[in-house]
Amino acid sequence: MSHRIGPEEAKLREEICVLSASLFNRGYGCGASGNVSVLTEAGMIVSPTGSSMGRLDPERLSLVAPDGTHLAGDRPSKEAFLHLAMYEERPEMRSVVHLHSTHSVALSCLEEIDPEDVLPPITAYYVMRVGRCPLVPYFAPGDRALAEAVRGVARHAHAMLLANHGPVVAGKGLDAAVAAAEELEETAKLYLMLRGEKTRFLTQAQVADLRLRFPS
Ligand SMILES: [Zn+2]
């Protein structure tokens, strides 16, 4: 279980803790909910089980092999398998953020949402940072069938919403994953604020134009 943390990895671990605390302090997680990971040569660095995003210790973050084996640090989050399923399907992604953020969870409970894409194109930044966000059916915590469901959706989308649970969002780096998770939560909040109002969303032509200007 010995693992020497080099200077580059130490910096990355520090960034995971700073951004996790930032998410926590802005109300994106409460208690021990939410976990952040980054994929490195040595394995996946992920928040430990039972840890608060607000008080992570860089040196105690878990190191996990692609097959889920715990390599070093504290025991990994019980939700580490969600992250591993995403990396397995999308090798270009290097970071995953999973939250139980209030507005996204509220959205995930609505009967009216389209399971193929849970949010309409409200803003350009949502289209650019998240794009499409399918719904993954509900599974009990720890149910390994959830990993299979996440894997199936990850083939087509880097962001997804677990029904009655919360979002899982991947990015090509830590900053991108955090930014996309924030964008999803804020867009869910906007959607709930606009619900019942006569609303102009972006048109299909505007969305197509954004995809041409800012290919992901
Ligand atoms: Zn969760």
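Residues numbered from 1 in each chain as written. Predicted model: local features only at pLDDT ≥ 70, side-chain atom pairs only at ≥ 80, totals over all residues. Heavy atoms only, no water.

## What to know about the coordination of the zinc ion
Listed as protein donors to the zinc ion are E79 (OE), E79 (OE), H98 (NE2), H100 (NE2) and H165 (NE2); their distances from the metal cover 2.0 to 2.8 Å. Summarised as a motif, the one-chain spacing of the donors to the zinc ion is E-x18-H-x1-H-x64-H. Within this pair, whereas E79 is found in the loop between β4 (70-72) and α2 (80-89), its partner H98 is found in strand β5 (residues 95-98), the two being separated by 19 residues in sequence. Among the residues examined, E79 registers a relative accessible area of 16% and is labelled buried. (Donors = N, O, S within 2.8 Å, 3.2 Å for Na, K, Ca; no water. Helix = DSSP H or I, 4+ residues; strand = E, 2+ residues; numbered from the N terminus. Buried < 20%, exposed > 50% of the residue type's maximum accessible area, 1.4 Å probe, protein only.)

## Here's the deal with the nonpolar core
Residues L23, V97, L107 and C133 are the most contacted members of the largest nonpolar core, which totals 34 residues. Of all elements in the fold, only α1 (7-25), β1 (35-40), β7 (159-162) and α6 (174-194) reach the threshold of two or more residues within this core. Considering each element in turn, this core owes the most residues, 8 residues, to α6. (Core = buried A, V, L, I, M, F, W, Y, C linked by side-chain atoms within 4.5 Å.)

## Topic: the pattern of salt bridges
The final tally for this structure, using the stated rule, is 11 salt bridges. For E88, the salt bridge identified is with R151, shortest N-O distance 3.5 Å. Linking E88 in helix α2 with R151 in helix α5 (residues 145-154), this pair joins segments that are 63 residues apart in sequence. Given the relative accessible area of 16%, R151 is considered buried. Taken together, the shared-partner salt bridges connect E88, E148 and R151 into one network. (Salt bridge = Lys/Arg side-chain N within 4 Å of Asp/Glu carboxyl O.)

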